[in-house]
Amino acid sequence: RGHHSLKEELSQQGVTVIAEVAGGDPARGKVRENYKASTHGKSLVENGARVLSIATDKFLYHGDDKGLSEARAQVKVPLLRREFIFEEYQVEESKILGADAIFLMPALLSDERLAALHKLAIAKGLDVAMEVTSEEDLKRAMAAGGDIISVLGRNLDTWEPRWDQAVALMKKVPKDKFLMVEASVNSLAQIKELEKLGAHGIIVGDALLDDFYPGKRLAQLLAGVDPP
């Protein structure tokens with residue numbers, strides 16, 4: 001199996017749309033009763049997604065491991081595993097399931113853990129998106145060697161979007177880093193604004209969660225069509 005590099009995708013011209021494939025989210029709980037991650041993933045890629053963030057976390061994103069491996073068999077774009085990673089075995093598992101990249105959250109890990117997990121992931125050929133919500137997170141992510149910074153514009157306690165927080169933090173990320181952002185993006189205008197601010201990749205999740213055909217909704221969003 002070839003590696004589909006997240007970093008390489010983020011370095012391409014134009015902003016990279018990263019579509020989230022999940023059964024729910026931390027704010028709303030479970031939204032989709034039955035869905036097939038591979039079918040949704042394929043539809044999203046056919047309609048403009050250049051990377052997929054596939055949720056395997058069962059408790060907050062209502063995904064499963066099987067969804068990632070099944071999606072891997074269907075698409076040839078970078079797959080980012082949406083999972084809270086604390087241990088080395090989860091890094092190994094990510095590779096086996098077919099992920100090309102993982103998220104690490106400095107807010108949940110000690111400096112030593114963060115650096116060790118980052119180092120192991122890189123050694124295994126995985127890209128690492130450091131998910132940050134504050135300037136302190138950002139400093140720690142960079143100290144651990146992170147070169148893909150994913151700014152999360154959310155209140156971690158309530159999961160409410162924090163657009164201004166995301167924009168302020170984006171401005172602190174050094175220009176030599178790859179910059180991703182997740183801030184409840186649901187319009188083409190927001191995508192264009194974030195691109196102007198220097199984002200290389202934009203995660204779209206909330207806007208797709210209610211749609212039975214998320215690929216169709218993504219195509220509408222990228223065409224500037226408001227939801228019905």
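Look a little higher up for the structure.
Note that the coordinates shown come from a computational prediction; the quantities given were computed from them, not determined experimentally.

Undergrad: Kindly report on the pattern of salt bridges, identifying the contributing residues and their values.
TA: Across all of its chains, the model carries 18 salt bridges by this definition. Note that Arg81 is salt-bridged to Glu93, the shortest N-O span being 2.9 Å. Of this pair, Arg81 sits in strand S5 (residues 79-82) while Glu93 sits in helix H4 (residues 88-97), placing them 12 residues apart in sequence. The salt bridge partner of Arg154 is Glu182, with a shortest N-O separation of 3.2 Å.

Undergrad: Break down helix H10 (residues 214-222) for me, citing the residues and quoting the values.
TA: Within H10, burial applies to Pro214, Gly215, Arg217, Leu218 and Leu221. Mapping the buried residues of H10 onto a view down its axis gives an arc of 160°, with all of them on the same face. Structurally, H10 contributes buried residues whose contacts are with strand S1 (16-21), helix H2 (37-46), helix H8 (188-196), strand S10 (201-204) and helix H9 (206-209). Downstream of H10 by one or two residues, Gly224 has phi in the positive range, about 85°.

Undergrad: Hey, could you go over the environment of Asp127 for me, with residue numbers and the actual values?
TA: Tracing the backbone through its elements, the reader meets Asp127 in strand S7 (residues 127-132). Given the relative accessible area of 9%, Asp127 is considered buried. Considered as a pair, Asp127 and Leu138 are 11 residues apart in the sequence and their alpha carbons are 17 Å apart. Setting aside anything within four residues of it in sequence, one finds Asp127 in contact with His3, Ser5, Leu6, Lys7, Asp100, Ala101, Ile102 and Ile148.

Undergrad: Break down unusual backbone geometry for me, with residues and values.
TA: Phi is positive for His62, which is not a glycine, with a value near 55°. Among the structural elements, His62 can be located in the loop between strand S4 (51-55) and helix H3 (65-74). The backbone of Ser184 sits at a positive phi, close to 55°, despite the residue not being glycine. Residue classification places Ser184 among the buried positions, given a relative accessible area of 11%.

What counts and how
Residues numbered from 1 in each chain as written. Predicted model: local features only at pLDDT ≥ 70, side-chain atom pairs only at ≥ 80, totals over all residues. Heavy atoms only, no water. Salt bridge = Lys/Arg side-chain N within 4 Å of Asp/Glu carboxyl O. Helix = DSSP H or I, 4+ residues; strand = E, 2+ residues; numbered from the N terminus. Buried < 20%, exposed > 50% of the residue type's maximum accessible area, 1.4 Å probe, protein only. Arc of directions from axis to C-beta. Contact = heavy atoms within 4.5 Å.

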